[in-house]
Amino acid sequence: RGPVLGLEVLVAAQLGVEGPWPNDYWIDFRGSKWQIPILRLDHVLSGYFSGLVRDKVVLIGHAKHARETGIVTLNSPSVTGDTLSLLEFQGYALSTLLDRRAIRPLGTLWMIGGLLIIVYGTFMLCQWVNARRLVLYVIGAILGFGVAAWLLLSFMRLWLPLPEAYAAVLASAVLGRW
């Protein structure tokens, strides 16, 4: 018996998007909330928006009720409290797979290895430079990790865990000078 596949994986497979599907993929929520159009069914059936839905995959379901909390995502504005309904979430997941934009998290061994290199490099640097240069190194490392994370996400669809890298640099710099 294989893994249980989500609705979005089954639909993408039926539409000819080739697998194999990663066991662990993250949904690409980039863009505005209106990237996935939400229409009333009676408008779609009446032909008002026939050009918008022609030759498209259409998910039909209930909109989020006013008392429903919804799903919080990375681009849910915390100020407005705007969340996604389960149907919108499924729409983003399906759109991610159909457009081949699935984001892969960095593997555990790669993350541990990278963090060990960061800690070792920072400890060694603490032995050779004064405090002023160490501060410049920490600022440069934080900026460099931010740029690297953006490049990996944009071009390789790979998620680099920044909080862990930042914590490793800061903690090893403080402990290395201590």
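Now for a look at the structure at hand. (Residues numbered from 1 in each chain as written. Predicted model: local features only at pLDDT ≥ 70, side-chain atom pairs only at ≥ 80, totals over all residues. Heavy atoms only, no water.)

Core analysis: the biggest nonpolar cluster contains 12 residues, these being Val9, Val11, Ala12, Val17, Tyr25, Ile27, Phe29, Leu84, Tyr92, Ala93, Leu94 and Leu97. Looking at this core, the elements that each hand over two or more residues are α1 (7–14) and α4 (86–98). The greatest single-element share of this core, amounting to four residues, is contributed by α4. Those residues in contact with Ile27 that sit more than four places away from it in its chain are Phe89, Tyr92, Ala93, Thr96 and Ile103. The next biggest cluster of nonpolar side chains, apart from the first, holds 11 residues, and it includes Cys126, Ala141, Phe145 and Ala168. (Core = buried A, V, L, I, M, F, W, Y, C linked by side-chain atoms within 4.5 Å. Buried < 20%, exposed > 50% of the residue type's maximum accessible area, 1.4 Å probe, protein only. Helix = DSSP H or I, 4+ residues; strand = E, 2+ residues; numbered from the N terminus. Contact = heavy atoms within 4.5 Å.)

Moving on to the side chain of Asp28. Inspection of the secondary structure assignment puts Asp28 in the loop between α1 and α2 (41–46). According to the relative accessible area criterion, Asp28 is buried, its value standing at 2%. Here Asp28 is in contact with Tyr92, Thr96, Arg101, Ile103 and Arg157, once residues within four sequence places are set aside.

Before going further, it helps to examine the packing of α1 against α4. Across the interface, α1 lies against α4 with an axial gap of 9 Å and an inter-helix angle of 40°. When the axis of α1 is compared with that of α4, the two are oblique. Judged by the twist between their axes, the crossing of α1 over α4 is right-handed. From α1, Leu7, Glu8, Val9, Val11 and Ala12 reach across to α4, where they touch Gln90, Ala93, Leu94, Leu97 and Leu98. Looking at the contact of α1 with α4 residue by residue, the class counts come to eight nonpolar, one polar and one charged. (Axes fitted to C-alpha atoms, helices over the stretch in contact; angles between N-to-C directions. Parallel < 35°, antiparallel > 145°, perpendicular 65-115°, else oblique. Left-handed = near helix turned anticlockwise from the far one by under 90°. Nonpolar A, V, L, I, M, F, W, Y, C, P; charged D, E, K, R; others polar.)

The next subject is helix α5 (residues 108–128). Residues separated by three or four positions in an α-helix point in the same direction, a consequence of the helix having 3.6 residues per turn. Given a rise of 1.5 Å per residue, 21 residues ought to cover 30 Å, and the 31 Å separating the end C-alpha atoms of α5 matches this to within 8%. For α5, every residue scored as buried is listed here: Ile118, Thr122 and Cys126. Each buried residue of α5 sits inside an arc of 65° when the element is viewed along its axis, so together they form one side. Away from its buried face by more than 90 degrees, α5 exposes Leu109, Trp110, Leu116, Ile117, Tyr120, Gln127 and Trp128. (Expected span 1.5 Å × (residues − 1). Arc of directions from axis to C-beta.)

What follows concerns the packing of helix α6 (residues 131–156) against helix α7 (residues 162–177). Where α6 contacts α7, the two axes come as close as 10 Å, and the packing angle between them is 170°. Here α7 runs roughly antiparallel to α6, going by the angle between their axes. Within the contact between the two elements, α6 uses Ala131, Leu134, Tyr137, Val138, Ala141, Ile142, Phe145, Gly146 and Ala149 and α7 uses Leu162, Ala165, Tyr166, Val169, Leu170, Ala173 and Arg177. Of the residues contributing to the contact of α6 with α7, the split by class is 14 nonpolar, one polar and one charged.

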